[in-house]
Amino acid sequence: MQHVISKDGTRIAYDKTGSGQPVILVAGAFSYRKFPGSLELVDLLKDDFTVFNYDRRGRGDSGDTPLYAVEREIEDLEAVIAEAGGSAYVWGLSSGAALALKAAESGLNITKLVLYEPPFIVDANDPQPPPDFETHIKALIAADKRGEAVTYFMTKGMGAPVFVPWIMRVMPGVWKRLKAVAHTLPYDVAIVKDHASGKPFEIAQWKNVTMPTLVINGEKSGDLLRHTAKALSEVLPNAQHRTLEGQSHNVSMKVLAPILKEFYI
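Since we're looking at a predicted model, the values are computed, not measured. (Residues numbered from 1 in each chain as written. Predicted model: local features only at pLDDT ≥ 70, side-chain atom pairs only at ≥ 80, totals over all residues. Heavy atoms only, no water.)

Time to look at the pairing of strand β2 (residues 11-18). Looking down a regular strand, the side chains alternate between one sheet face and the other. Two strands pair when backbone bridges link them, and strand β1 (residues 2-5) and β2 are joined in this way by four bridges, in the antiparallel orientation. Its bridge partner being in β2, Q2 is matched across the sheet by Y14. Hairpin connection between β1 and β2: a loop of five residues separates the two successive antiparallel strands, and G9 in this loop has a positive phi of roughly 95 degrees. Bridging between β2 and strand β4 (residues 50-54) involves five bridges; their strand directions are antiparallel. (Pairing = 2+ DSSP bridges. Helix = DSSP H or I, 4+ residues; strand = E, 2+ residues; numbered from the N terminus.)

Further remarks concern the sheet that holds strand β8 (residues 239-244). Reading across the sheet, the eight strands line up as β1-β2-β4-β3-β5-β6-β7-β8 and stay open at both edges, with mixed pairing between neighbours. This sheet does not close on itself; its edge strands, each paired only once, are β1 and β8. Neighbour-to-neighbour, the strand axes of this sheet turn through a mean angle of 25 degrees, independent of strand direction. Where helix α1 (residues 36-45) meets the sheet, its contacts fall on β2, β3 (22-26), β4 and β5 (88-93), and the angle it forms with β4 comes to roughly 170 degrees. Contacts between helix α9 (residues 223-235) and the sheet are confined to β6 (110-116), β7 (213-218) and β8, with β7 contributing the most and set at about 165 degrees to the helix. (Axes fitted to C-alpha atoms, helices over the stretch in contact; angles between N-to-C directions. Contact = heavy atoms within 4.5 Å.)

This brings us to the pattern of salt bridges. Counted by the stated rule, this structure contains 19 salt bridges. For K193, the salt bridge identified is with E134, shortest N-O distance 3.2 Å. Note that K193 is positioned in the loop between α8 (185-192) and β7 and E134 in helix α4 (residues 133-142), a separation of 59 residues in sequence. A salt bridge links E262 to R242; the nearest nitrogen and oxygen atoms lie 3.6 Å apart. With E262 in helix α10 (residues 253-264) and R242 in strand β8, this residue pair connects regions lying 20 residues apart in the sequence. (Salt bridge = Lys/Arg side-chain N within 4 Å of Asp/Glu carboxyl O.)

Shown next as structure tokens:
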């Protein structure tokens, strides 16, 4: 494990594995650098790339600050890019994809970008979270009701059936990992909330995302995620869209890795 220091002084933990062009992995909600899926993707990419797998702030071995802002997370990614040599390929999953996209728009030196199912809502007919979703999540975290926060986020935010978190509760290792990062769920909400009202994207929103970009969704994912992926690929200046047969939001890293290799190389 190594560390970089973000602009506000926060220590960001990362692992550096492999050799070749740098690829930075940006995790989504509940994920961190030791999450099984992240470790599997590192193992699948390390023979072709130098993989930077980092803990987003507040997770794993990274530090945090009391007042959260999306800009601080962009600065964290900027610090990792600097550590990688000043430029890098970037892959983002779910809210991590939304964060990577915003980082690219802010001007970070991302040379190629892959986004897997950023959870924006750009179709008014797709389901939306309750109006007080962010406030309620923060209240649960403030009351240290981590399990309730995980359940609420999954069902009201991600649209998971109510039985899903209950199944996870009987898997002690999985449930423990989810609760360990529950306090960062408001961060994920903050990243996507300005594109969560069903309003279509505008081309001007992403005018600086000029690097080659691949937007991916799973064939079995819900309408919301599929609609967003397609809409995003149509407004980004230099993007292509791909649907992975048989995949859902919980994408198989063995299926994803060859797609990343093909695009990056």
